[in-house]
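Summary of the model geometry
Each chain, written out:
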Amino acid sequence: NLHENGPIVQKSNLDQFSSLCKNGQVREAVRLLTAMESENLRIGPQIYGELLQGCVCERAYFTGQQIHARILKIGESIARNEFVETKLFIFYAKCNAREVAIRLFSKLEVPNVFSWAAIIGLHCRMGNHEEALLGFCEMQKNGFPDNFVVPNALKACGALKLIGFGRGVHGYAVKMGFDGCVFVGSSLVDMYGKCDEVEDGRKVFDEMLDRNTVAWNSMIVGYVQNRLNEEAIEMFYDMRVEGVEQTRVTLSSFLTASANLGALGEGLQGHAIVVLGGFEVDNFLGSSILNFYVKVGLYEEAELVFRSVSQKDVVTWNVIICGYVRNGKFRKALDLCHLMRAENMRFDSVTLTSILSMCADTSNVKLGKEGHCYCIRNNLESDLAVASSTINMYAKCNRINSAIQVFNSTTKRDLVLWNSLLAAYAELGLSGEALKLFYKMQLDGVPPNVISYNSLILGFLRNGQVDEAKDMFSQMQSLSILPNLITWTTLISGLTQNGFAYDAILIFRQMQEAGVQPNSVSIVSALSACTALALLHYGRTIHGYITRHYLFPSIPIATSLVDMYAKCGCLYQAKNVFDTVVNKELPVYNAMISGYASHGQAVQALLLFKHLVDVGIEPDSITFTSILSACNHAGLVREGLELLNDMVSKHNMKPGMEHYGCVLSLLSKSGNLDKAYELLETMPYEPDAYILGSLLASCKEKHETELGEYLSEHLLQLEPGNSGNYIALSNVYATAGMWDLVTKVRNVMKEKGLHKNPGCSWIQIGQELNVFISGDGSHPKTKDIYATLALLGMEMHFTEHAPMIY
């Protein structure tokens, strides 16, 4: 053999060869090898080992394969050499040729520390973290401790969130004296952050004597991943004070933290550092800058950054598209989707999830179907996130059968997918189907979580099944599933909407006792409950809570407070709240105008309406309903007619039934029945029961029997089962002294089984709500109440007939 019989390579040639490989001049080294072979020199294993090491450094995969072929051609004298075998394995491992590397590793008789490090590193890079940890354990058994392997083991623990194993590796590192190594320390910080134990990571960081950029980055990334954004920003500033060099990872994490907090100043500083530092705005860094601008609502800046990104990948497109969808800028999002396709970029699951979410929010089933078809054509329909979004889209578009088909066609169903269909049923009030699905998911081995219970409770409340919703709420607590903010808010809002206002207030109190801080939705719902029952005491308590927790002056909360105080008879307090709102918006004005209207203060209502228009706020339908109601209560006919005319002429609004109803009631109560009837005839709507009822009541006052009969005929056609309509007609006849017809109407009521709805009133004493219904003697203190009323009646009688003293 040429290599066995020729002269030995001289040391000068060997040094030259080694130098070429170390300096990355692999091709020159191959040419030197060819020259050596032509001189029939005896080439030993070290030459091939050096050459393979050079290929590793340069990741010269094709050249390495050629060298491997030469080795095999030479024969077993080189191919079976332990040094060459190890170098060959390390070459394939470092080049991520997994199958070849594993096969070569299995052939190694006694793997050394470098071989173990290479195979464990390969497993980590390829995402085979379990195999990496098994290799680490096997390496320890064979007595090969190495501080360069520990970081890979810690990386695998972080990826798998195996905090127990990670602590074990930490203990091993301390025992072997590796904890002083900056690479091990940085990996420990990273592992603890990924396992949601960021404070333990901080302890390791604080004990590190030598902290490099990687260690600082690991700490900042850990804080961001654990939603400790303020701490991440503080760490970033400490890093700059220490003079540690920032990298793309540092700045990306800092920008993400700024975006999460909506910290405009910090994010702008981050972008400035990127520019001043000369960093290339590539897809990685560009996506972070984009995300920041989108989240703080600076869309023009976001578009500028988007256009400046050097190489846009699908993540870059997704950031801006998702941002537009989240903020309701659907036209912009759709335009970008078209542009993305025009540039031959394929949608991924994130893009499609955003598109389907947009279709759900806009009830655009046509576009939603197109998105669904794209999923099927590109084999994305099995992606669980896409499937969940598709179900949600069809449900929001009221295509529940299509949503069920998507669910049934998905073979691998996770909890999120089950919850998606549960939520779809709940939104539509299909509580029976939701309950069946709830039990079916458990039979399929998927235990429900708090989101599942939330959907079920919502479904019951949407369907008016209050007792079932309460039972489900009790059941989840008995199973140690803690209600979250959404659970409490859903229950409070649902109880209020179903007429169980007092129960809603009690739940609101329980929520606070459980240590859950209410959000604006739950507070608004609780205030609505107080308004419904005129419970001023509870309303004031909630107002105190808002003030103590600095939740004021949110527009929805301020509006609810103004409404609550006004409807509970405390108009001056409603005005105080109104005055404290600095940047007033239309809903707050509407609530205050409505408050003035209900208290008969039409002049103040009109002045506030004029002020609203003067400051450039455009009134809406609710504004006009409130101001016309104020005119109605005060009998301001001229002002009411002018406002109805202004709706069309000045504000380009089409009056609705409620606006015509207010004006018709105003005209009829002021005795202008002819004008009222004329407006009724020209109105572009068929009159509803409210309008006919208000006119009928005026007929009683004005003794308009004939018109009353005409109106009653239409009213009884609209609401044949409403006893109030018969009573109103009876009152018209009674006022006119037509007692025979009164008796006739009353007899018709008896034949139809109709009864006058009894009046209802209530009063709160301490923590107890006392409800009284006309003719009901079920209250436990009925006798005492009637006895007291009798005494009061007697006292009033004697006071009335007592002689006056001058």
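Since we're looking at a predicted model, the values are computed, not measured.

The rules behind the values
Per chain, residue numbering runs from 1 following the sequence as it is written. Local features are withheld for residues below a pLDDT of 70 in this predicted model, meaning they are given only at 70 or higher, and side-chain atom pairs are given and counted only at 80 or more; totals for whole chains, interfaces and linings count all residues. Heavy atoms from the whole structure form the basis of all side-chain values; hydrogens and water molecules are not counted. Each helix is a run of H or I in the DSSP string that is no shorter than four residues. Each strand is a run of E no shorter than two, and both are numbered from the N terminus. Note on exposure labels: buried denotes an accessible area under 20% of the residue type's maximum, exposed denotes more than 50%, and partly exposed covers the range between, all computed with a 1.4 Å probe on protein chains only. The contact criterion used is simple: two residues touch if any of their non-hydrogen atoms lie within 4.5 Å. Here the Shrake-Rupley method, with its probe set to 1.4 Å, supplies the accessible areas, and only the displayed protein chains count as covering residues. We call two N or O atoms a polar contact when they sit within 3.5 Å, provided that within protein one can donate a hydrogen and the other can accept it, with sequence-adjacent residues counted only if both atoms are side-chain atoms. Note on terminology: a nonpolar core comprises buried Ala, Val, Leu, Ile, Met, Phe, Trp, Tyr and Cys residues joined through side-chain atoms within 4.5 Å. Each Phe, Tyr or Trp ring (for Trp, its six-membered ring) is paired with any other whose centre lies within 6.5 Å, and the angle between the two planes then decides the class: stacked below 30 degrees, edge-to-face above 60, tilted in between. Lysine NZ or arginine CZ positioned within 6 Å of the ring centre and within 35 degrees of the ring normal marks a charge as sitting over the ring. In this description, a disulfide is simply a cysteine sulfur pair whose atoms lie within 2.5 Å. Note on definitions: salt bridges are taken to be side-chain nitrogens of Lys or Arg within 4 Å of carboxyl oxygens of Asp or Glu. Only residues whose relative accessible area exceeds 30% and that form no salt bridge are eligible for patches; like-charged ones are grouped when within 9 Å, while nonpolar side chains (Val, Leu, Ile, Met, Phe, Trp, Tyr) are grouped when within 5 Å. Charge counting follows a simple rule: Lys and Arg are positive, Asp and Glu are negative, and His as well as the terminal groups are ignored. Where a charge sits is defined by one atom per residue type, namely NZ (Lys), CZ (Arg), CG (Asp) or CD (Glu). For helices, the fitted axis covers only the stretch in contact; all axes are lines through C-alpha atoms, and the angles between them, taken along N-to-C directions, range from 0 to 180 degrees. Any angle that is under 35 degrees is reported as roughly parallel, and any over 145 degrees as roughly antiparallel; angles of 65 to 115 degrees are reported as roughly perpendicular and all others as oblique. When the near helix sits turned anticlockwise from the far one by under a right angle, the crossing is termed left-handed; a clockwise turn instead gives a right-handed crossing. Just so you know the grouping, Ala, Val, Leu, Ile, Met, Phe, Trp, Tyr, Cys and Pro go in nonpolar, Asp, Glu, Lys and Arg go in charged, and all remaining residues, Gly too, go in polar. What a helix is expected to span follows from its residue count: subtract one and scale by 1.5 Å. Note on scores: pLDDT gives the predictor's confidence for each residue, bounded by 0 and 100.

A few words on the overall build of the protein. Across its full length, the protein carries 47 helices and two strands. By residue count, 47% of the 806 residues in the protein fall in the buried class. Considering only contacts within the protein whose residues lie at least 6 apart along the sequence, 59% involve residues at least 24 apart. Accessible surface for the protein amounts to roughly 41,300 Å². Of this, 54% is attributable to carbon and sulfur atoms.

Turning next to the side chain of threonine 623. Position of threonine 623 among the secondary structure elements: in helix α39 (residues 621–634). Residue threonine 623 is classed as buried on the basis of its relative accessible area of 0%. One polar contact links threonine 623 to aspartate 620, side chain to side chain, over a distance of 2.7 Å. For threonine 623, the contacting residues outside a window of four places in its chain are Leu586, Asn590, Ile593, Phe609 and Leu612.

This part takes up the nonpolar core. Counting residues in hydrophobic clusters, the biggest one holds 228 residues, and the most contacted among them are Ile71, Phe89, Val150 and Ile321. Each residue touching phenylalanine 89, except ones within four places of it in the same chain, is listed here: Ala101, Leu104, Phe105, Leu108, Ser115, Ala118 and Ile119.

This part is about the packing of aromatic side chains. If you walk through the whole model with that rule in mind, you get 20 aromatic pairs. Through successive ring pairs, a cluster of aromatic residues spans Phe89, Phe105 and Trp116. Across the ring face of phenylalanine 347, the terminal group of arginine 341 is positioned such that the distance to the ring centre comes to 5.7 Å.

The tally for this structure, following the rule as stated, stands at zero disulfides. Between cysteine 397, a free cysteine, and cysteine 359, which holds the nearest cysteine sulfur, the sulfur-to-sulfur gap is 7.0 Å. Among the residues examined, cysteine 397 registers a relative accessible area of 12% and is labelled buried. Free cysteine cysteine 530: the closest other cysteine sulfur is in cysteine 568, separated by 7.0 Å.

Under the criterion given, the structure shown has 17 salt bridges. A salt bridge links glutamate 303 to lysine 332; its shortest N-O distance comes to 2.9 Å. Highlighted residues: glutamate 303 in helix α20 (residues 299–308) and lysine 332 in helix α22 (residues 330–342), separated in sequence by 29 residues. The shortest N-O distance in the salt bridge between arginine 462 and glutamate 427 comes to 3.2 Å. One end of the pair, arginine 462, is in helix α29 (residues 450–462); the other, glutamate 427, is in helix α27 (residues 415–427), with 35 residues separating them in the sequence. A relative accessible area of 45% means that arginine 462 is categorised as partly exposed. Here glutamate 427 falls in the partly exposed class, since its relative accessible area comes to 39%. Beyond isolated ion pairs, a larger network of salt bridges with shared partners links Arg167, Glu197, Asp200 and Lys203.

Next up on the list: a positive patch on the surface. Together, Arg59, Lys94, Arg125 and Lys155 line one region of the surface with positive charge. For arginine 59, the position within the fold is in the loop between α4 (45–58) and α5 (61–74).

Turning our attention to the packing of helix α31 (residues 485–497) against helix α32 (residues 501–513). Geometrically, a packed helix pair is captured by the angle between its two axes and the distance between the axes. In contact at an axis separation of 7 Å, α31 and α32 are set at 160° when each is read in the N-to-C sense. Classed by the angle they form, the pair α31 and α32 counts as roughly antiparallel. When the axes of α31 and α32 are compared, the crossing they make is left-handed. Contacts between α31 and α32 involve Leu485, Trp488, Leu491, Ile492, Leu495 and Thr496 on the former and, on the latter, Ala501, Asp503, Ala504, Ile507, Phe508, Gln510 and Met511. Residues that form the contact of α31 with α32 fall into these classes: ten nonpolar, two polar and one charged.

Considering the arrangement of structural elements, one finds methionine 657 in helix α41 (residues 657–669). Methionine 657 sits in the buried class, given a relative accessible area of 18%. Sequence spacing of methionine 657 and proline 684 is 27 residues, and the spatial spacing of their C-alpha atoms is 8.9 Å.

A separate point is a nonpolar patch on the surface. Together, Tyr786, Leu789, Leu792 and Met796 make up a nonpolar patch on the protein surface, roughly 440 Å² of accessible area in all. Summarising the element assignment, leucine 789 is placed in helix α47 (residues 782–801).

Moving on: helix α38 (residues 602–614). When the terminal C-alpha atoms of α38 are compared, their 18 Å separation across 13 residues agrees well with the 18 Å that a helix rising 1.5 Å per residue should span. Packed against the buried residues of α38 are α36 (571–580), α37 (586–598), α39 and α40 (637–649). One or two residues past the end of α38 sits glycine 616, with phi positive at roughly 90°.

So, about helix α19 (residues 283–295). The end-to-end C-alpha distance of α19 is 18 Å, a good match for the 18 Å that 13 residues give at a rise of 1.5 Å each. Buried residues dominate α19, accounting for ten of its 13 residues. Taken together, the buried positions of α19 are Leu285, Gly286, Ser287, Ser288, Ile289, Leu290, Asn291, Phe292, Tyr293 and Val294. On its buried face, α19 sits against α17 (248–261), α18 (264–276), α20 and α21 (314–326). Looking at the residues trailing α19, positive phi occurs at glycine 297, about 80°.

The next subject is the confidence of the model for the protein. Chain-level pLDDT for the protein is 83 on average; 85% of the residues reach the 70-or-more range. Mean pLDDT across the secondary structure elements of the protein bottoms out at helix α1 (residues 2–5), with 46, and peaks at α37, with 94.

Another point: the side chain of serine 455. Mapped onto the secondary structure, serine 455 falls in helix α29. Among all residues touching serine 455, those that are not within four sequence positions of it are Asn419, Leu422, Ala423 and Ala426.

The next thing to look at is unusual backbone geometry. Peptide bonds are mostly trans, and most non-glycine residues show a negative phi. Even without being glycine, asparagine 96 reaches a positive phi, approximately 60°. By the secondary structure assignment, asparagine 96 is in the loop between α7 (82–94) and α8 (98–107). The exposure class of asparagine 96 is partly exposed, given its relative accessible area of 35%. One non-glycine residue, asparagine 398, adopts positive backbone phi at about 60°. Relative to the assigned elements, asparagine 398 resides in the loop between α25 (384–396) and α26 (400–409). Classification of asparagine 398 by relative accessible area gives exposed; the value is 57%.

Okay, the environment of tyrosine 596 next. Its place among the elements puts tyrosine 596 in helix α37. A residue is classified by how much of its surface remains accessible, and tyrosine 596, at 8% relative accessible area, is buried. C-alpha of tyrosine 596 to C-alpha of alanine 630: the two residues are 34 residues apart in sequence and 7.2 Å apart in space. Those residues in contact with tyrosine 596 that lie beyond four places of it in its chain are Leu571, Lys575, Gln601, Gln604, Ala605 and Leu608.

Looking now at the packing of α39 against α41. With their axes 9 Å apart at the nearest point, α39 and α41 run at an angle of 5° to one another. Judged by the angle between their axes, α39 and α41 are roughly parallel. Of α41, the residues touching α39 (which contributes Ser621, Phe624, Thr625, Leu628, Ser629, Cys631 and Asn632) are Glu658, His659, Cys662, Val663, Ser665, Leu666 and Lys669.

For the rest of this paragraph, the subject is a negative patch on the surface. Among the surface-exposed residues, Glu199, Glu230, Glu231, Glu234, Asp238 and Glu242 lie close enough to one another that they form a single negatively charged patch. When residues in the negative patch are grouped by element, the largest group, four residues, is from helix α16 (residues 229–241).

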